[in-house]
Amino acid sequence: MIMANHFHINTPLLESVNMSKRVGTTVYLKMENSQPSGSFKIRGIGHLCQQSKGIVCSSGGNAGMAAALVARKMGLPATIVIPSSSPELVVQRLQDQGATVKISGKVWDDANAEALRLAETEGLTYVPPFDHPLLWQGHASMIAEAAASLGPDVKPGAVVISVGGGGLLCGVVQGLQDVGWTDVPIIAMETDGANCFNTAVKAGRLVTLDDITSEAKCLGAKTVCQKAFEQSQRKDLNIISELVSDQQALHAVQTFLDEERVLVEMACGAALAAVYSGIIRKLQDESRLPALLRPLLVIVCGGSSINMEQLANLKHKLNSMLTFNEHSFIKPIYT
Amino acid sequence: MQNQQPLHVASPLRQSLPLTKEAGTAVYLKLDSSQPTGSFKIRGIGHLCQTVGAPGSPVCVRRRAQGIEPEPEPCLSRPSTGGNAGMAAAYSARQLGVPATIVVPSVTPDLTVERLRDQGATVVVHGKALNDSIVHGQQLVENNPGWVFISPFDDPLIWEGHSSLVKELQQELREKPGAIVLSGLRRAAWGDVPVVAMETRGAHSLNAAVKAGELVTLPEITSVATTLGLARVSERTFALVQEHPVFSEVVTDQDAVAAVERFIDDEKILVEPACGAALAAVYSGVLRRLQEEGKLAEPLGGPVVVVVCGGNNISVQQLQKLKQQLGLPGGGHQAGPA
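Residues numbered from 1 in each chain as written. Chains lettered and ligands numbered in written order. Predicted model: local features only at pLDDT ≥ 70, side-chain atom pairs only at ≥ 80, totals over all residues. Heavy atoms only, no water.

Asker: Tell me about the overall build of chain B, and name the residues and values.
Answerer: Each helix and strand in chain B was counted, giving 14 helices and eight strands. In chain B, 68% of the contacts between residues at least 6 apart in sequence involve partners at least 24 apart. Entry remark: accessible area of chain B is about 13,700 Å², with carbon and sulfur atoms responsible for 51%. (Helix = DSSP H or I, 4+ residues; strand = E, 2+ residues; numbered from the N terminus. Contact = heavy atoms within 4.5 Å. Areas by Shrake-Rupley, 256 points an atom, 1.4 Å probe, with all protein chains shown as cover.)

Okay, structure coming up:
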């Protein structure tokens, strides 16, 4: 795929000895946290905005940050519309990135309606957070990169990703098709309470969740995109939908910070929990993955909406339900 | 992965908005924290191991026949227990498919030994200080034909390997940087671009040498930045100061550890205090001061590049301990409930 003017980088693919030890097969981490905007989102958004005259986006999270960065690099104006419930820190970060921040309405739906209106009236490019073929095409580049890093002799046994609205999932499916790896299973991780993909897969149709009750707010789409659901129904693909608790996602964030020295969001922690909370082993036990698994490719999607204080708050909030003690996160669950 | 490919990765280079804001000038981060094994060390050690350690490599045979195994640093008053070099060597050997024996002093933390073993290395614990380990390592090489001694420090091939970092910068940056900031000093020469070489007080062997105008041996390493902990810099490093515009600057342990903490929030990466010393050039206003003193241009002709060298030997708990030990705010209690 040719991308005339892209803003993402070829991220490192690192072997994690600690994770490999836990799973019993080599684990490769695609470090999307090291993208210029701090998450994988810049791949798709950079691709989507190629022909733009100006950008409008309704995400105060990682998509908004990526949109603002792409606009700044292209010398385009960016308007990010966010609801009044957004923290001051978010406003500040977007402004630092050169974006105009507009506060509209109380909840995301209000802000999004305003963003769509601006796109219409001002002729701006609307950047959806996850539902656009150009976004998926941009995201797909990470699989091509991983394939190039692994070399012709290595094919992964599975790809592990987090699913929010399904943008990354659609991108990874396309990426696997691009390199001829459609038979590689995708393990699609969500948290309980932000499980719109899992609910749809189980129901066999799109389902809109009443509420997002998980702390993994970046996974918090109430309905997964149509395309992601369609992919889950394809017989030539093997997409395995799995859930972890918020505690397991948090435990994964903490373990990853100690062992790999990178702080990621809860949303990303959901994917990491596939390794740290034994989901891979469980799938092997259930014969849904082969016992002798080829290397595991984990997409570390990154995310900027986290700091040490928030991590401490999450620990405090989720602590009462923890079954392990304060320091257990430094020990492997499986030895 | 093939042996001909380098063992390091071309690490990400990205602008940091929080650090740009802090410095008042564009700051780019060269994220060597995302190298395999977590630190920049793999660049030099990987290159060295690939050149001398690959089975059947003619370079390897010739080097051994000429007997030019690198000499260890002469003086180390306190062992560097960081093990970043050992990790890099163990990883390199595993990738190259050759066995590795890593000799470490008895003060090396168990966790470090375990990590080395996880990389497939045989770990020999010998002696109290790194000097003893080095001597034992050299004896092992003498007694075992075909073994190669990998110096943790100053082999010319290590320097050659580290120069890959500047080559990457030259490819990635459209403009020449205004300054390059490093912990300690490595080969980072890019024309006349000034290098700001950061150390912590108590591990300031380069600064002491620069001030004295000759090589100086520190009586003791007292800083918590143990991976900077060379009591004496090498001739080569010192020579670089004569050839190239280098500003040697010293910060406190408190500055370095506070920088580590702010860096997690700003860039979501946890680094060792040794790396924190470089970050403190921004967070503690060293760059601004150098500009005020007229040593660095104002405005700088290009962005500042901070080399984030990384390092393995840090966890949230260790950071908390360091804060406590250094009397930093928030160091008195664990973050969050127990």
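Asker: So what about the overall build of chain A? Which residues, and what values?
Answerer: Across its full length, chain A carries 14 helices and ten strands. Relative to its length of 335 residues, chain A is compact, with a C-alpha radius of gyration of 19 Å against a globular reference of 20 Å. Dimensions of chain A, computed from the C-alpha atoms along their principal axes, are close to 55 × 45 × 40 Å. A total of 335 residues make up chain A; the buried ones form 64% of that total. (Rg over C-alpha atoms; globule rule 2.2 N^0.38 Å. Buried < 20%, exposed > 50% of the residue type's maximum accessible area, 1.4 Å probe, protein only.)

Asker: Which residues make up the interface of chain A and chain B, and what are the values?
Answerer: Counting from both sides, the interface comprises 36 residues of chain A and, opposite them, 36 residues of chain B. Together, the buried faces of chain A and chain B total about 3,100 Å²; carbon and sulfur atoms form 54% of this surface. Across the chain A-chain B interface, the total number found is four salt bridges. For the salt bridge of Arg-94 of chain B with Glu-15 of chain A, the shortest nitrogen-to-oxygen distance reads 2.8 Å. Counting every contact that joins chain A to chain B gives 15 residue pairs in polar contact (both at pLDDT 80 or more). Listing elements by their share of the side of chain A that touches chain B, those giving two or more residues are strand E1 (13-16), helix H1 (17-23), helix H3 (62-74), helix H4 (88-96), helix H11 (246-260) and helix H14 (308-319) of chain A. The element that contributes the greatest number of residues to the side of chain A that touches chain B is H14 of chain A, accounting for five residues. The residue inventory of the side of chain A that touches chain B, partitioned by class, reads 13 nonpolar, 14 polar and nine charged. (Buried area = accessible area lost by both parts, 1.4 Å probe. Salt bridge = Lys/Arg side-chain N within 4 Å of Asp/Glu carboxyl O. Polar contact = N/O pair within 3.5 Å; in protein donor to acceptor, adjacent residues only side chain to side chain. Nonpolar A, V, L, I, M, F, W, Y, C, P; charged D, E, K, R; others polar.)

Asker: Please set out the sheet that holds E1 of chain A residue by residue, giving values where relevant.
Answerer: Residue and element names in this part refer to chain A. Ordered by their spatial adjacency, six strands build an open sheet running E1-E2-E10-E7-E8-E9, and the pairing between neighbours is mixed. Lying at the two open borders of the sheet, with one neighbouring strand each, are E1 and strand E9 (239-244). Ignoring strand direction, the axes of neighbouring strands in this sheet form an average angle of 25 degrees. Contacting strand E7 (158-162), strand E8 (186-191), E9 and strand E10 (296-300), helix H8 (residues 167-178) crosses the sheet at an angle of about 160 degrees to E7. Contacting E1, strand E2 (27-31), E8, E9 and E10, H11 crosses the sheet at an angle of about 90 degrees to E2. (Pairing = 2+ DSSP bridges. Axes fitted to C-alpha atoms, helices over the stretch in contact; angles between N-to-C directions.)

Asker: Please provide a residue-by-residue account of the domain arrangement of chain B, values included.
Answerer: Assigned domains of chain B: these are domain 1 (13-40 + 155-326) and domain 2 (73-151). For domain 1 of chain B and domain 2 of chain B, the distance between their C-alpha centroids amounts to 25 Å. (Domains from an automatic or database assignment.)

Asker: Break down the domain arrangement of chain A for me, citing the residues and quoting the values.
Answerer: Residue and element names in this part refer to chain A. In terms of domain boundaries, chain A breaks down into domain 1 (13-30 + 132-320) and domain 2 (41-127). A separation of 25 Å is found between the C-alpha centroids of domain 1 and domain 2. Contacts between domain 1 and domain 2 engage 16 residues on the former and ten residues on the latter. Approximately 1,000 Å² of surface area, both sides summed, lies buried where domain 1 meets domain 2, with 56% of it carried by carbon and sulfur atoms.

Asker: Give a description of the packing of aromatic side chains that names residues and reports values.
Answerer: Across all of its chains, the model carries zero aromatic pairs over all chains by this definition. It is Arg-236 of chain B that lies over the ring of Trp-159 of chain B; its NZ or CZ is 4.7 Å from the centre. (Phe/Tyr/Trp six-rings, centres within 6.5 Å; stacked < 30°, edge-to-face > 60°. Lys NZ or Arg CZ within 6 Å of the ring centre and 35° of its normal.)

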